[in-house]
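Report on the structure
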Amino acid sequence: MLDARLAAAAAYVRSGSRVADIGCDHGKLSAYLAGSGRCPRILACDLRPGPLAKARATCAPWGEKVVLRLGDGLSVVAPGEVDDIVIAGMGAETICQILAAAPWLRAEPGRYNLVLVPATKHSALRQWLARNGFALQAETLCQAAGRYYAVMQAAYTGHPTEPDGLSCLCGKVAGQPGAAEYRAAQAAKLQKYRRGLPPGPEAAGVDALLNELEGTRWP
Ligand SMILES: C[S@@+](CC[C@H](N)C(=O)[O-])C[C@H]1O[C@@H](n2cnc3c(N)ncnc32)[C@H](O)[C@@H]1O
């Protein structure tokens, strides 16, 4: 049984696609994708042997459909070996590092479907994606273990953009259940960050964003 976060991630995986589940840990997502018949081949990958052993046990019923790989990020996946890539449950910095270390993701716009679930710093991941030529195409807001998660679906376009602060902060979740609470939680985090800043251009930028946030109605 998947929690709301992993269920939302699974929903972005295209039926029939070959998938890499990077940081698979317990292997629940890989097992679900194999067992539901949604995906013919899943690479369940993790940096550490302990989590990979858990995934091996969870995925055992699905035999050769799930292939286990030990190693860092996408270094264990060959270019073109998968169609969809899920990176869930890691901090935004780690997700950005994993994406940056795989230049083959950028060889062909639209080739790979990325499903990203940052455990922290949602805004930083949205900003990195835009600046590095990835389009954030959709997001699903969900709550698991009392926290909000933004489950993101993205693809490389080859067109870097400079995203505005408000869209980085709030994402593409307007109108979804919990969106107003998510926005308030994001604003509270930004206010906390602002309190630690010395006077200067960054503090002024954050103040401007907070003012904009206050003056903008949720669509
Ligand atoms: C909190 S678990 C998330 C498990 C699952 N994806 C989920 O969202 O429920 C994070 C997993 O990512 C793995 N991990 C961390 N950094 C990694 C990296 N650079 N490459 C592959 N796996 C990594 C950890 O070993 C751990 O098993």
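Before reading further, recall that the structure is shown in the block above.
A brief report on the enclosed structure follows. For every chain, the first residue of its written sequence is number 1, and the numbers climb from 1 along that sequence. At least 70 in pLDDT is required for a residue's local features to be given in this predicted model, at least 80 for side-chain atom pairs to be given and counted, and no such filter applies to totals for whole chains, interfaces and linings, which use all residues. As a rule here, side-chain values cover all heavy atoms of the structure and leave hydrogens and water aside.

Here we look at unusual backbone geometry
Leaving glycine out, the prevailing phi sign among residues is negative, and the prevailing peptide bond configuration is trans. The phi dihedral of K121 falls on the positive side, at around 50°, and the residue is not glycine. Tracing the chain through its elements places K121 in the loop between β5 (113-120) and α5 (122-131). Phi is positive for A145, which is not a glycine, with a value near 50°. Helix numbers and strand numbers start at the N terminus; a helix is a DSSP run of H or I with at least 4 residues, a strand a run of E with at least 2. Structurally, A145 is set in the loop between β6 (134-144) and β7 (147-156).

Regarding the sheet that holds β7
In this scheme, strands are said to pair when DSSP sees at least two bridges between them. Pairing in this open sheet of seven strands is mixed, and the strands run β3-β2-β1-β4-β5-β7-β6 from one edge to the other. Every other strand in the sheet has two partners, leaving β3 (66-70) and β6 as the edge strands with one partner each. Strand-to-strand twist across the sheet, computed as the mean angle between neighbouring axes with direction ignored, equals 20°. Relative to β5, strand β4 (residues 84-91) runs parallel, the two being bridged by seven bridges. By the bridge assignment, G91 is partnered in β5 with T120. Whether two residues touch is decided by their heavy atoms; if any such pair falls within 4.5 Å, the residues are in contact. All axes are obtained by fitting lines to C-alpha atoms, using only the stretch in contact for helices, and the reported angles, taken between N-to-C directions, cover 0 to 180 degrees. Of the strands in this sheet, β1 (18-22), β4 and β5 touch helix α4 (residues 92-100), which is tilted by about 145° from β4.

A closer look at the packing of α4 against α5
Where α4 meets α5, the closest approach of the two axes is 9 Å, and the angle between their N-to-C directions is 20°. Here α4 lies roughly parallel to α5, going by the angle between them. The way α4 lies across α5 gives a crossing that is right-handed. Between α4, through A92, I95, C96, L99 and A100, and α5, the contact on the second element is made entirely by L125, W128 and L129. Ten residues, namely Ala, Val, Leu, Ile, Met, Phe, Trp, Tyr, Cys and Pro, are considered nonpolar, four, namely Asp, Glu, Lys and Arg, are considered charged, and the remaining ones, Gly among them, are considered polar. Here the contact of α4 with α5 is composed, by residue class, of eight nonpolar, no polar and no charged. Note on angle classes: values under 35 degrees are labelled roughly parallel, values over 145 roughly antiparallel, values of 65 to 115 roughly perpendicular, and the remainder oblique. Note on convention: the crossing is left-handed when the near helix lies turned anticlockwise from the far helix by less than a right angle, right-handed when the turn is clockwise.

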